[in-house]
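One-letter residues, chain by chain:
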Amino acid sequence: MTKENTNLNIDTSDCDSVSGLPTSDKFNRRIFRLNAESAKYTVLMIELHHFHDINTLNGYDFGNRLLHKFSDSLREIIGDRGEVYRIERVTFAFIIDGNDLNFAKKLYEQTLHMAEHFEIDDCIFNLEMFGVLWCVTEPHEATQIISILSALIDHAKSEDDYTFIIYDDERHNENSKSIELINTIRTCILKDCEGFYLCYQPFVSTVTGKVIGAEALIRWRNEEYGNVSPYHFIPYIESHPCFYDLGLWILRQAISDAKKIKERCPGFFINVNISYSQLQRKGFKETVIDILNETGYPNESLQLELTERCRNLDMCFLQEQLQFFRKNNIKIALDDFGTGSSTLELLCNLPLDCVKIDQTFILNILKKDSNQVIVDATMRCSDRLNVDVCLEGVENQEIKDFVEQYPASYHQGYFYSRPVEYDNFLSFLDYHWYTNKIRILKSNGKLNLDATNILSMIPGGFFIYVDDEEERITCANEELLRMFECKDADEFYELTHNSFKGIVHPDDYDSAEKSIKAQIASSDSNMDYVRYRIITKNGNVKWVHDYGHLVTSVYDKDVFYVFLGDVITE
Ligand code: C2E
Ligand code: CA
Ligand code: CA
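A quick note: this is a predicted structure, and the numbers were derived from the prediction, not measured.

(A) Here's a closer look at the overall build of the protein. In terms of regular secondary structure, the protein is built from 20 helices and 23 strands. For the protein, the residues scored as buried account for 54% of the 570 residues in total. Here the analysis covers contacts within the protein between residues at least 6 apart in sequence; of these, 68% occur between residues at least 24 apart. Carbon and sulfur atoms make up 48% of the accessible area of the protein, which totals about 26600 Å².

(B) A look at the side chain of glutamate 305. Its location among the elements puts glutamate 305 in strand 12 (residues 302–306). A distance of 2.7 Å separates the side chain of glutamate 305 from the side chain of asparagine 271, its partner in a polar contact. At 2.7 Å, the side chain of glutamate 305 and the side chain of lysine 356 are in polar contact. Filtering out sequence-adjacent residues up to four positions away, glutamate 305 remains in contact with Phe203, Glu215, Asn271, Val272, Asn273, Ile274, Ala333, Asp335 and Lys356.

(C) Main features of the site of ligand 1. Near ligand 1, the surroundings consist of 23 residues, among which Arg219, Ser275, Gln359, Glu395 and Tyr414 are the closest. Here a nitrogen atom of ligand 1 and a side-chain polar atom of glutamine 201 are 3.0 Å apart. Within the side chain of aspartate 335, one N or O atom sits 3.0 Å away from an oxygen atom of ligand 1. Taken atom by atom, the bulk of ligand 1 overlaps the second largest pocket. Sorting the residues of the shell around ligand 1 by element identifies strand 9 (211–222), helix 8 (242–264), strand 13 (331–337) and helix 13 (359–363) as the ones contributing at least two each. The element that contributes the greatest number of residues to the shell around ligand 1 is strand 9, accounting for 4 residues. Its residues assigned to classes, the shell around ligand 1 comprises 10 nonpolar, 7 polar and 6 charged.

(D) A look at the packing of aromatic side chains. Inspection of the entire model under this criterion finds 20 aromatic pairs. Considering the side-chain rings of phenylalanine 196 and tryptophan 220, the 6.4 Å spacing of their centres and the 50° angle between planes classify their relative orientation as tilted. Taken together, the positions of phenylalanine 196 in strand 8 (residues 196–205) and tryptophan 220 in strand 9 put the pair 24 residues apart, joining distant regions of the chain. No difference in accessibility class separates phenylalanine 196 from tryptophan 220, as the two residues are buried. Taken together, the ring pairs connect Phe196, Trp220, Tyr225 and Phe233 into an aromatic cluster. Here the basic side chain of lysine 69 rests over the ring of phenylalanine 118, its NZ or CZ set 5.8 Å away from the ring centre. Cation over ring: arginine 418 sits above tyrosine 414, and NZ or CZ is 3.8 Å from the ring centre.

(E) Structural view of the environment of histidine 411. Looking at where histidine 411 falls in the secondary structure, it is placed in strand 16 (residues 410–411). Overall, the relative accessible area of 2% leaves histidine 411 in the buried class. In this structure, the C-alpha to C-alpha distance between histidine 411 and serine 205, residues 206 residues apart in sequence, is 6.7 Å. Residue contacts for histidine 411: discarding those within four places in its chain leaves Pro202, Phe203, Val204, Thr206, Leu391, Val394, Val403 and Tyr416. Only 2.8 Å separates the side chain of histidine 411 from the side chain of tyrosine 416, close enough to count as a polar contact.

(F) Quick peek at the coordination of the calcium ion (ligand 2). Only Glu215 (OE), Asn273 (OD1), Glu305 (OE) and Asp335 (OD) from the protein coordinate the calcium ion (ligand 2), and they sit 2.1 to 2.4 Å from it. Within one chain, the residues donating to the calcium ion (ligand 2) are spaced in sequence as E-x57-N-x31-E-x29-D. The calcium ion (ligand 3) is placed at 3.8 Å from the calcium ion (ligand 2), the two being bridged by aspartate 335. Pair noted here: asparagine 273 is in strand 11 (residues 269–274) and glutamate 305 is in strand 12, with a separation of 32 residues, a long-range link.

(G) Here's a closer look at the pattern of salt bridges. Tallied over the entire structure, the rule returns 16 salt bridges. Notably, a salt bridge pairs lysine 260 with aspartate 257, separated by 3.6 Å at the nearest N-O pair. Of this pair, lysine 260 and aspartate 257 both sit in helix 8, 3 residues apart, which is roughly one turn of the helix. Here lysine 260 falls in the partly exposed class, since its relative accessible area comes to 39%. A salt bridge links glutamate 392 to lysine 356; the nearest nitrogen and oxygen atoms lie 3.5 Å apart. Taken together, the residues span a long stretch of sequence, with glutamate 392 in the loop between strand 15 (388–391) and helix 15 (397–403) and lysine 356 in strand 14 (residues 354–357) at a distance of 36 residues. Of the two residues, glutamate 392 and lysine 356, neither departs from the other in class, the shared state being buried.

(H) Structural detail: the layout of surface pockets. When its volume is computed, the second largest pocket comes out at roughly 1100 Å³. Lining the second largest pocket are 38 residues, and of these Glu215, Leu217, Pro230, Tyr231 and Asp336 sit closest to its centre. Sorting the residues of the lining of the second largest pocket by element identifies strand 8, strand 9, helix 7 (234–237), helix 8, strand 13 and helix 13 as the ones contributing at least two each. Top contributing element to the lining of the second largest pocket by residue count: strand 9, with 5 residues. Looking at the lining of the second largest pocket residue by residue, the classes come out as 13 nonpolar, 13 polar and 12 charged.

(I) A look at the packing of helix 5 (residues 142–158) against helix 6 (residues 169–190). Put simply, helix 5 and helix 6 touch, their axes get as near as 10 Å, and they point 90° apart. Classified by the angle between their axes, helix 5 and helix 6 sit roughly perpendicular to one another. Contacts between helix 5 and helix 6 involve Gln144, Ser147, Ile148, Ser150, Ala151, Leu152 and Asp154 on the former and, on the latter, Arg171, His172, Ile179, Ile182, Asn183 and Arg186. Classifying every residue of the contact of helix 5 with helix 6 by side-chain character gives 5 nonpolar, 5 polar and 3 charged.

Rules used in this analysis
Residues numbered from 1 in each chain as written. Chains lettered and ligands numbered in written order. Predicted model: local features only at pLDDT ≥ 70, side-chain atom pairs only at ≥ 80, totals over all residues. Heavy atoms only, no water. Helix = DSSP H or I, 4+ residues; strand = E, 2+ residues; numbered from the N terminus. Buried < 20%, exposed > 50% of the residue type's maximum accessible area, 1.4 Å probe, protein only. Contact = heavy atoms within 4.5 Å. Areas by Shrake-Rupley, 256 points an atom, 1.4 Å probe, with all protein chains shown as cover. Polar contact = N/O pair within 3.5 Å; in protein donor to acceptor, adjacent residues only side chain to side chain. Near = heavy atom within 4 Å. 1 Å grid on protein atoms, 1.4 Å probe; cavity = no way out; pocket = protein on both sides within 12 Å on 5 of 7 lines; lining within 4 Å. Sits in = over half its atoms within 2 Å of the grid points. Nonpolar A, V, L, I, M, F, W, Y, C, P; charged D, E, K, R; others polar. Phe/Tyr/Trp six-rings, centres within 6.5 Å; stacked < 30°, edge-to-face > 60°. Lys NZ or Arg CZ within 6 Å of the ring centre and 35° of its normal. Donors = N, O, S within 2.8 Å, 3.2 Å for Na, K, Ca; no water. Salt bridge = Lys/Arg side-chain N within 4 Å of Asp/Glu carboxyl O. Points joined across faces, edges and corners; volume = space filled by probe spheres on them. Axes fitted to C-alpha atoms, helices over the stretch in contact; angles between N-to-C directions. Parallel < 35°, antiparallel > 145°, perpendicular 65-115°, else oblique.

Scope: geometric values only; no functional claims are made or implied.
What follows is the structure, given as structure tokens:
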């Protein structure tokens, strides 16, 4: 086997100036040669972890000197049994001649020992390091080797698992489909996030039964792989530098969609998931503000969800980041609470607006007493801390009925809607505004609602406020005006003041009457709906799946009826 170069005889023209090591170009050429010669070789990749801490604490010059010295040590360790390359900033790869696994393992152990006792300027550093090894017995392209080994390290990083990984061609053939998927996805991010799109899953207020916001959830679609769930790629890419661009793409897309949704539903807010790697990236929080400013979207209608691994970040660092968002009126939710390392300590010490109880607790809450205990305790704790609670995984009617005993602020789950694409989400909203029922306020203890409060939460409806037996319309809000195609409240009044009370379409009269009577008779029951026709000012017919809502307080004194009626304009 002829070597293109050895470490004893380096062609310095292709060497990196910081480390003095040959770069990834040389690595690629060397692998190409070895493949052409059908040679057997082993690649050992190592990556230093938390190196930015060294740069931050000691300055970049020191960091560079350290890398140089570290690279010298790597070259000494490999000697004439192979070569070492600097692939990326803190990623190095050895190419070792042959497939001697024991020798390669020993080399790794020596490197690890060197890193853990790394001496420079009379100081000893414990450099944390990930390592992965591949005994290559069949030819593979250099770029493929690098991206597979990087993906394995990324995954180990995301799990905070420093175990040395041994990969081989057999495992490669088993995993190649999913590894190829990750590689394709990474390439697509570089191509302006090709194939990515967002789905929206609503949050429903437990007070009004209405949609008040939605969570943006990423998807990826490609001809070969079809629709791919984030569970199959987020954990493998979130620690890779390319994820940062995807994260910003998600934020921009979600905010610009939410802005359009807000035109129809003024109180709407959007939740966007955030990974730990985004928070760690310098300048991320300022970029969030820039995006909001560029879009003209109100800061207070954005809520960032801290996904599970964010909770492994240093507490002081997290507090600092979250304080920044809070100062800028951006809301923060703690995602998947109850799983992994979500401790009550985080709930108590972080400036949070919302806690999302993980769906695993809700999905089998009926069967597992221990889940009920956890939900109960989190509810009480959040109440004391004045933090909203969202219950995830409200999947069916049975679960919904059961969890109504908890004073959560909102629910999310398949019972209300699966995550759907933007256009479908809009259609869902149109339907949902009119069909949903207001829950009686008695059950959740939030009794301090006045007419203005309720009006701000319900986008459509006539409101009759019953006060000392006098009934009067108090307001027509924006959604109502939109439904009736009136440009302002005066126009709406003109259109409706003679025809409102009790006016329903004759076809619907019987069922409406029965239903309304039934509701009034049972003040704490859920309400059914009937279908109504609205004839707008311009003569258009709209079907509305609703006849109104009845909301009563425990005192049974104030009663709001919300009626949608047929407006006959001739
Ligand atoms: P997550 O943030 O906990 O999102 C909720 C997941 O639960 C979603 O899966 C949603 O489809 C699913 N789900 C919602 N309601 C129900 C239900 O009633 N029953 C069941 N069985 N499942 C329900 P999805 O969309 O596949 O997302 C999976 C995970 O991927 C998310 O979990 C989140 O951790 C991550 N993810 C998704 N989008 C993003 C993103 O834009 N950025 C980041 N960093 N992570 C994301
Ligand atoms: Ca989430
Ligand atoms: Ca979640």
